[in-house]
Amino acid sequence: MAEIVHSCLDTGVGQLTHWLILPHSTLQSTILGPLCPFDLSLNFNGHFADAWKSRWVESKHKSDYGKFVLSAGKFYGDVEKDKGLQTSQDARFYSASSRFESFSNKDQPLVIQFTVKHEQNIDCGGGYIKLFPADLNQEEMHGDSTYNIMFGPDICGPGTKKVHVIFHYKGKNHLINKDIRCKDDEYTHLYTLVVNPDNTYEVKIDNKKVESGSLEEDWDFLPPKKIKDPDAEKPDDWDDNEKIDDPEDKKPEDWDVAENIPDPDAKKPDDWDDEMDGEWEPPMITNPDFKGEWKPKQIDNPAYKGKWVHPEIDNPDYTADAEIYKYDSVGVIGLDLWQVKSGTVFDNFLITNDPKLAEEVGNETWGETKDPEKKMKESQEEEERKKREEGMNKKEEDEEDKEEEEEDEEDYEDEEDEEDREEEEETDSKLKDEL
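All values derive from a computational prediction rather than experimental measurement.

### A few points about empty space enclosed by the protein
- Using the criterion set out here, one finds 2 cavities of 30 Å³ or more in the structure.
- Taken as a whole, the largest cavity encloses approximately 120 Å³ of empty space.
- Around the largest cavity, the lining is made up of 16 residues, and of these D82, T115, T188, D347 and E373 lie nearest the centre.
- Where the lining of the largest cavity is concerned, the elements lending two or more residues are β7 (110-118), β23 (344-352) and α5 (366-434).
- Per-element accounting of the lining of the largest cavity gives the leading share, 4 residues, to α5.

The following block contains the structure:
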């Protein structure tokens, strides 16, 4: 169990709360999980911009990276506690990172945790984080920069809605062999990865386990333990046919008939001219007596020995590695991703060696604000529904008023026409009298 040392970092514009997780046995300066969690909004007293920008470095590798802003989004559980890094520009790559004192997770768990809210109803874009070694040049960070672990949700259309768990091992990035589905709604969700020193792992969403297992079995870090014996061959007399043709079965004499026959009910048309139209032939129809290709019945093969299994031997290229989980240097957390539609909020970053602490922090952060957030979202949707109804009602009223006005105009025009007709008739009558 690690001792939790709670401290505050003076930013000059208030204090940013973070955690230092130190090994309980030594309490030495080498720490696991410094600055955990990164709560970007706590105790900033309203001066957020300068404070978070002093902790996060935006990459200059490209000139057109999207900009992060500090925001709780359009709906939230707590306007201050839920402030996080939000993507703000559509169709952009994003690249920003924050450095902390480097550590190794040797002989202890490594827990990575953060929250993601795709309030823009994301259609294609990443929601994952990367852990980098301490030698990362933050101003040159980009998509091909070497990282230790990439973890978090990724969505692209209806076909890709998964949680990435990618480990860098011996110069190569290894993707998990399992499909872990991520959340695809508009609410905030908590993502947790636990990597244990016994080479096991666990993935949690909203503090509930969704996947677990062995690093060696669920990734292709190592070659297989066993391979097929290259010197083994199936014996020539090995019979692996479970069924054979019955030698006693004979094809019936009346089996072979044509598949199609002339239609016996067809008659030559009366106007058919053999000289002009050629010799008349009746159309063909399926033969009702046709039974298809004859095949003998199948019986059990008395010589069947079962399916031959290729013998396996120990793979000479396989070498066990008890430290697949281990990284000698972890010193930077980064957001390096692409988004078509912006609006994602990242918050509550946590790196620790204590899975129990991570669960508690998750309950104290995401757990405290998820219900109020949902309530606010539902309230906004209800308000929008009412406005739509009011707008529809107003439109219907306007249309009714317009129809009434048009009817009134028609009535007025009819009255004027009637008056004009009466005047004309009166004028005609006077002219007749004068004549």
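### Let's talk about helix α4 (residues 355-364)
- Among the residues of α4, those classed as buried are L357, A358, V361 and G362. Axial view of α4: buried residues confined to an arc of 140°, hence all on one face.
- Its side-chain oxygen placed 3.0 Å from the backbone nitrogen of K356, D354 serves as the N-cap of α4.

### Focus: the side chain of N148
- Counting through the fold element by element, N148 comes out in the loop between β9 (129-132) and β10 (149-156).
- A polar contact of 2.9 Å, which involves the side chain of N148, links it to the backbone oxygen of S329.
- Excluding its chain neighbours within four sequence positions, the residues that come into contact with N148 are L131, F132, P133, I166, F167, H168, Y327, S329 and V330.

### Topic: a nonpolar patch on the surface
- Taken together, the side chains of F93, W338 and V340 present a nonpolar region at the surface, about 240 Å² in accessible area.
- Note that W338 resides in strand β22 (residues 330-339).

### What about the nonpolar core?
- Residues F151, V163, V165, F167, L193, L215 and L335 are the most contacted members of the largest nonpolar core, which totals 55 residues.
- With sequence-adjacent residues up to four places away left out, L215 is seen in contact with F167, V195, N199, T200, Y201, F221, I324 and Y325.
- Counting residues in each nonpolar core, the second largest holds 6 residues, with V111, V194, L350 and L357 among its members.

### A closer look at the pairing of β22
- Burial within β22 is extensive, with 9 of its 10 residues counted as buried.
- Relative to β22, strand β6 (residues 92-103) runs antiparallel, the two sharing 9 bridges. Of the residues in β22, the one forming a bridge with F103 is V330.
- Of the strand pairs in this sheet, β9 and β22 are connected by 3 bridges, and their pairing is antiparallel. Looking at the pairing, F132 lines up with V332 of β22.

### Considerations on the UniProt feature "binding site: an alpha-D-glucoside" (unreviewed entry) in the protein
- The UniProt entry lists Y128, K130, Y147, D154 and D336 under the feature "binding site: an alpha-D-glucoside" (unreviewed entry), expressed in the numbering used here.
- Positionally, K130 belongs in strand β9.
- Excluding its chain neighbours within four sequence positions, the residues that come into contact with K130 are G143, Y147, I149, M150, V332, I333, G334 and D336.
- The residues contacting D154, other than those within four sequence positions of it, are G125, G126, Y128, T160, K161, K162, H164 and C182.

### Some thoughts on the confidence of the model for the protein
- Chain-level statistics for the protein give a pLDDT mean of 85 and a share of 84% at 70 or above.
- Throughout residues 1-49 the model reports pLDDT below 50, and contacts reaching past four residues in sequence, or to other chains, amount to 132 contacts.

### Section: the packing of aromatic side chains
- The tally for this structure, following the rule as stated, stands at 13 aromatic pairs.
- Aromatic pair F114 and F151: ring centres 6.0 Å apart, planes at 90°, arrangement edge-to-face. Here F114 is found in strand β7, whereas its partner F151 is found in strand β10, with 37 residues between them in sequence. Taken as a pair, F114 and F151 share a single burial class, namely buried.
- Residues Y201 and W219 carry aromatic rings whose centres are separated by 4.8 Å and whose planes lie at 80° to one another, so their mutual orientation is edge-to-face. With a gap of 18 residues between them, Y201 in strand β14 (residues 200-205) and W219 in the loop between α2 (215-218) and β16 (226-228) connect regions that are remote in the sequence.
- Pairwise contacts between aromatic rings join W56, F114, F151, Y191 and F349 into one cluster.
- Directly above the aromatic system of F75 lies the positively charged group of K117, at a separation of 4.7 Å from the ring centroid.
- Taking NZ or CZ as reference, K377 lies 5.5 Å from the ring centre of F75, over its face.

### Things to note about the sheet that holds strand β13 (residues 188-195)
- Read from one edge to the other, the open sheet built from 7 strands follows the order β4-β5-β23-β7-β13-β14-β15, with strand pairing classed as antiparallel. Lying at the two open borders of the sheet, with one neighbouring strand each, are β4 (68-71) and β15 (208-214). On average, each strand axis in the sheet is tilted by 25° relative to the strand beside it, whichever way the strands run.
- Pairing of β4 with strand β5 (residues 84-87), which is carried by 4 bridges, proceeds in the antiparallel orientation. Each residue of the ladder has a partner; that of S71, found in β5, is G84.
- In the packing of α4 onto the sheet, contacts are made with β7, β13, β14 and β23, and the angle to β7 comes to roughly 20°.

### Side note on the pattern of salt bridges
- What the rule picks out here adds up to 24 salt bridges.
- Residue D314 pairs with K226 through a salt bridge whose shortest N-O separation is 2.5 Å. Here D314, found in strand β21 (residues 312-314), pairs with K226, found in strand β16; they are 88 residues apart in sequence, far enough to count as distant.
- Residue classification places K226 among the partly exposed residues on the basis of a relative accessible area of 42%.

### Overview of the side chain of S59
- Assignment of secondary structure puts S59 in the loop between β3 (57-58) and β4.
- Of the polar contacts made by the side chain of S59, one reaches the backbone nitrogen of H61; its length is 3.1 Å.

About the cut-offs
Residues numbered from 1 in each chain as written. Predicted model: local features only at pLDDT ≥ 70, side-chain atom pairs only at ≥ 80, totals over all residues. Heavy atoms only, no water. 1 Å grid on protein atoms, 1.4 Å probe; cavity = no way out; pocket = protein on both sides within 12 Å on 5 of 7 lines; lining within 4 Å. Points joined across faces, edges and corners; volume = space filled by probe spheres on them. Helix = DSSP H or I, 4+ residues; strand = E, 2+ residues; numbered from the N terminus. Buried < 20%, exposed > 50% of the residue type's maximum accessible area, 1.4 Å probe, protein only. Arc of directions from axis to C-beta. Polar contact = N/O pair within 3.5 Å; in protein donor to acceptor, adjacent residues only side chain to side chain. Contact = heavy atoms within 4.5 Å. Patch = residues over 30% accessible without salt bridge, like charges linked within 9 Å, V, L, I, M, F, W, Y side chains within 5 Å. Areas by Shrake-Rupley, 256 points an atom, 1.4 Å probe, with all protein chains shown as cover. Salt bridge = Lys/Arg side-chain N within 4 Å of Asp/Glu carboxyl O. Core = buried A, V, L, I, M, F, W, Y, C linked by side-chain atoms within 4.5 Å. Pairing = 2+ DSSP bridges. UniProt positions renumbered as here; feature names shortened; annotations may be inferred. pLDDT = per-residue confidence, 0-100. Phe/Tyr/Trp six-rings, centres within 6.5 Å; stacked < 30°, edge-to-face > 60°. Lys NZ or Arg CZ within 6 Å of the ring centre and 35° of its normal. Axes fitted to C-alpha atoms, helices over the stretch in contact; angles between N-to-C directions.

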